[in-house]
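Per-entry structural report
Letter by letter, the chains look like this.
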Amino acid sequence: GTVLERIKTIDNGAAALVRYISGNGFPVYKNTCTQYFDSGEEFFESFVDNLKKAKKFIFIEFFIINEGIMWDTVLGILEQKAKEGVDVRIIYDDAGCLGKLPHKYYEKLRSKGIKCCVFNPVSPIVEIRMNHRDHRKIIVIDGNIGYTGGINLSDEYINAIEKFGHWKDSAILVKGDAVWSMTLMFLQFWTFLSSRNKNDGETDYNEDPDKFRPSGSEFSTEISDEFVQPFCDSPADSEAFGENIYLNMILKAKKYVYIFTPYFVVGNTLVNALRLAAKSGIDVRIVTPHIPDKWYVFQVTRSFYPMLLEAGVMIYEYTPGFLHSKVLLCDDELAVVGTINLDYRSLYSHFECGVFLYKSGSIKKIKEDFLKTFPVCQKVSMEECRKASLPERILQAFLKLFAPLM
């Protein structure tokens, strides 16, 4: 409660948001520092560097793992670490890895001494649960270093191969006390999955999480004066937690709201919040890709442009290629970096995660990322939207009916 009290003395509005996130079981931490990466390449370098230093355990949870330069590099280190006796665990989403990893890939990992659980193994029987995907990206190394962000373990994320022009992404490194939340987020999933996966040979699912808590002596972090709050969102409860955090931030903004999102397929609540902010004189800017990865989602994203532009929201399309970052920044003070897209899937049917930052050292770098991205974008005008042909508008209206499934 003391950290919250401190925030209250600085800014009551921010304290209310921090309290909302804490109320869902995700405490706010001090004694933590963060580092923002504005590209997959920059993240990857840091990740590999820290992996090599692991002494006790490595937890890795990803939506997509795809064989290639990036994954082979990571796997090589993990194999070596497992030999050294480091506890290495991997969770991947079966649907996300479909066609990317060989069938029963978990067996290959286990044969290398790496523990592995698969989220929602794809089955020929279509079940409602298949709509729920593990879209989280969590890395925890020795309990005092954690990462999350938009990046998956696949070569296009570090531009080693080109898929949709230049791939722009982001991630965040968390160091210090706040990593504990990320450790628990991973372990909670691990316990749930390993107790359900009967074929996995993993039996230690009722272990004591405290053995993964680093002891005081292991923290040599340069303690900075920032507030860090990692959180995750689950479709299993009735609360659209990620959406509420975004809404809360948009409605609290005093000067500006900047958003990176690969897709914009949302309900009225978010659209109205953004329109209201823009009409109230807040500088609202949304950056979306110019080269899409899914043409149909892109059409729906574009169908939202006119009502946003009309309210004064500015929209930028990232001309060099595909923008996959999921970042929301307000007023040089509040930010979220994570895995949550502005679309129905992320907001309502996927497991997601993120890090909420208040007065964090990373915020300056996040802002710089936005400021250097706007100039390489194409600013969307109302004229352009009006130029959409009648068939295109009919297509957009039709696709919009299926938006919740996209």
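The paragraphs below set out a description of the structure included in this document. Computed from a prediction, not measured in an experiment: that's the story for all the values here.

With that out of the way, let us pick up the packing of aromatic side chains. Scanning the model with the defined rule gives 32 aromatic pairs in all. Ring geometry for F231 against F241: centres 5.8 Å apart, planes inclined by 85°, an arrangement best described as edge-to-face. Highlighted residues: F231 in strand β10 (residues 227-233) and F241 in helix α7 (residues 241-252), separated in sequence by 10 residues. For the pair F231 and F241, one class covers both residues: buried. Note on Y316 and F374: the rings are 4.8 Å apart at their centroids and 35° apart in plane angle, and the pair reads as tilted. Within this pair, whereas Y316 is found in strand β14 (residues 314-318), its partner F374 is found in the loop between α12 (362-373) and β20 (377-379), the two being separated by 58 residues in sequence. Look at F374 and you get buried, because its relative accessible area is 8%. Counting every residue linked through ring pairs, the aromatic cluster contains Y256, Y258, F260, Y316, F370 and F374. A cation sits over an aromatic face here: K30 above F227, 4.6 Å from the ring centre. Here R285 stacks its cationic end above the ring of F374, 4.7 Å away from the centre of that ring.

Every α-helix winds through 3.6 residues per turn, so residues three or four apart in the chain are directed the same way. Within the span of helix α1 (residues 2-10), buried status applies to V3, L4 and I7. Burial along α1 is one-sided: seen end-on, the buried residues are contained in an arc of 95°. For α1, exposure combined with an orientation more than 90 degrees from the buried face picks out T2 and T9. Lining the buried residues of α1 we find α2 (12-23), β10 and β19 (350-358).

Side chains of W295, Y296, L395, F398, L401, F402 and L405 sit close together on the surface and give an oily, nonpolar patch of about 750 Å² of accessible area. Every element with two or more residues in the nonpolar patch is listed here: α9 (295-303) and α14 (390-400). What makes Y296 partly exposed here is its relative accessible area of 31%.

Along the polypeptide, L371 turns up in helix α12. Sequence separation between L371 and T288 is 83 residues, and the spatial gap between their C-alpha atoms is 15 Å.

What follows deals with the pattern of salt bridges. Per the stated rule, a full pass over the model turns up 24 salt bridges. Notably, a salt bridge pairs K254 with D11, separated by 3.9 Å at the nearest N-O pair. Placement of K254 in the loop between α7 and β11 (256-260) and of D11 in the loop between α1 and α2 is noted, with a sequence separation of 243 residues between them. In this structure K254 comes out as exposed when scored by relative accessible area, which is 59%. The buried category is assigned to D11, whose relative accessible area is 16%. When the shortest N-O distance is used, the salt bridge between E207 and R89 registers 2.6 Å. Note that E207 is positioned in the loop between α6 (179-196) and β10 and R89 in strand β3 (residues 87-93), a separation of 118 residues in sequence. R89 matches E207 in its accessibility class, with the two residues each being buried.

Spatially, β1-β9-β7-β6-β2-β3-β4 is the arrangement adopted by the seven strands of the open sheet, whose pairing is mixed. Looking at which strands have only one partner, the edges of the open sheet turn out to be β1 (32-37) and β4 (115-119). Taken over all neighbouring pairs, the strand axes of this sheet differ in orientation by 10° on average, direction set aside. Where β3 meets β4, five bridges bridge the pair, whose relative direction is parallel. Residue I91 lies in a different strand from β4, and its bridge partner there is C117. Most of the contacts of helix α4 (residues 69-83) go to β3, to which it runs at about 145°, and overall it touches β2 (57-62) and β3. Contacting β1 and β9 (171-176), α12 runs over the sheet at an angle of about 15° to β1.

Burial analysis of β19 places nine of its nine residues in the buried class, the great majority of the element. Because side chains alternate across β19, one face comprises the buried residues H350, E352, G354, F356 and Y358, and the other comprises F351, C353, V355 and L357, equally buried. Bridge count for strand β5 (residues 133-134) against β19 is two bridges, and the pairing is parallel. Its bridge partner lying in β19, D134 is registered against F351. Both β10 and β19 contribute to a ladder of seven bridges, which runs antiparallel. Bridging across to β19, V228 finds its partner in L357. Sheet topology places strand β17 (residues 334-338) next to β19; five bridges connect them, and they run antiparallel. By the bridge assignment, A335 is partnered in β19 with L357.

The rules behind these values
- Residues numbered from 1 in each chain as written.
- Predicted model: local features only at pLDDT ≥ 70, side-chain atom pairs only at ≥ 80, totals over all residues.
- Heavy atoms only, no water.
- Phe/Tyr/Trp six-rings, centres within 6.5 Å; stacked < 30°, edge-to-face > 60°.
- Helix = DSSP H or I, 4+ residues; strand = E, 2+ residues; numbered from the N terminus.
- Buried < 20%, exposed > 50% of the residue type's maximum accessible area, 1.4 Å probe, protein only.
- Lys NZ or Arg CZ within 6 Å of the ring centre and 35° of its normal.
- Arc of directions from axis to C-beta.
- Contact = heavy atoms within 4.5 Å.
- Patch = residues over 30% accessible without salt bridge, like charges linked within 9 Å, V, L, I, M, F, W, Y side chains within 5 Å.
- Areas by Shrake-Rupley, 256 points an atom, 1.4 Å probe, with all protein chains shown as cover.
- Salt bridge = Lys/Arg side-chain N within 4 Å of Asp/Glu carboxyl O.
- Pairing = 2+ DSSP bridges.
- Axes fitted to C-alpha atoms, helices over the stretch in contact; angles between N-to-C directions.

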